[in-house]
Amino acid sequence: MFDMMKMMKQLGDMQSKMQSAQDALSAVNVTGTAGGGLVSVTMSGRAEMKGVVIDPSLLSPNEKEMLEDLIVAATADAQAKAADVAKEKMASVTAGLPIPPGMLNALKM
């Protein structure tokens, strides 16, 4: 039998855990790299860019296009790492709850 009160409590608990997970993600930093470490991009677990480090050897007019490509690649690497961290955090929040596929995407803040 469906217990509406139990389900509402579980949803309230999940909302609180999701907020805690979001806060934790803001505190986590991930770093993506490209070009063998010539460019690195640091982001929070929520994919907010925190910093960029560029090897001085790339700071010449002849290296402009390569530098641009490396920044894009390092950013993509950092975003993928941030997404992995977020996925792990959210999995722990929703463990044990019968959530339909795709529902988590609708619940993300």
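Since the model is a prediction, treat every value here as computed from it, not as a measurement.

**Remarks on the overall build of the chain**
In terms of helices and strands, the chain carries 3 helices and 3 strands. Each helix (α) and strand (β) of the chain, taken in turn from the N terminus, gives the series α-β-β-β-α-α. Here the analysis covers contacts within the chain between residues at least 6 apart in sequence; of these, 53% occur between residues at least 24 apart. For the chain, the accessible surface area stands at approximately 7200 Å², while carbon and sulfur atoms represent 59% of it.

**What to know about the pattern of salt bridges**
Counted by the stated rule, this structure contains 3 salt bridges. Here Glu68 ties to Lys64 by a salt bridge, and the two come within 2.4 Å at their closest N and O atoms. Of the two residues, Glu68 and Lys64 both sit in helix H2 (residues 64-94), 4 residues apart, roughly one turn of that helix. Assessed through its relative accessible area of 38%, Glu68 is described here as partly exposed. Between Asp77 and Lys81 there is a salt bridge, with the nearest N and O atoms lying 3.5 Å from each other. Of this pair, Asp77 and Lys81 both sit in helix H2, 4 residues apart, which is roughly one turn of the helix.

**A word on the side chain of Ser44**
Mapping Ser44 onto the fold places it in strand E2 (residues 39-44). Ser44 gets classed as buried once you look at its relative accessible area, which sits at 0%. Sequence-distant contacts of Ser44, that is, excluding residues within four places in its chain, are made with Leu25, Ser26, Val28, Asn29, Val30, Lys50 and Ala82.

**Some details on the sheet that holds E2**
An order of E1-E2-E3 is seen for the 3 strands of this open sheet, with the pairing classed as antiparallel. On the outer flanks of this sheet lie strand E1 (29-34) and strand E3 (49-54), each paired with one strand and no other. Along the sheet, successive strands turn relative to each other by an average axial angle of 15 degrees, direction set aside. Pairing between E1 and E2: 6 bridges, direction antiparallel.

**Considerations on the environment of Ser26**
As for its placement among the helices and strands, Ser26 is situated in helix H1 (residues 4-27). The exposure class of Ser26 is partly exposed, given its relative accessible area of 29%. Taking C-alpha positions, Ser26 is 8.6 Å from Ala47, a pair spaced 21 residues apart along the chain. Apart from residues no more than four positions distant in its own chain, Ser26 is found in contact with Ser44 and Arg46.

So, how was this worked out
Residues numbered from 1 in each chain as written. Predicted model: local features only at pLDDT ≥ 70, side-chain atom pairs only at ≥ 80, totals over all residues. Heavy atoms only, no water. Helix = DSSP H or I, 4+ residues; strand = E, 2+ residues; numbered from the N terminus. Contact = heavy atoms within 4.5 Å. Areas by Shrake-Rupley, 256 points an atom, 1.4 Å probe, with all protein chains shown as cover. Salt bridge = Lys/Arg side-chain N within 4 Å of Asp/Glu carboxyl O. Buried < 20%, exposed > 50% of the residue type's maximum accessible area, 1.4 Å probe, protein only. Pairing = 2+ DSSP bridges. Axes fitted to C-alpha atoms, helices over the stretch in contact; angles between N-to-C directions.

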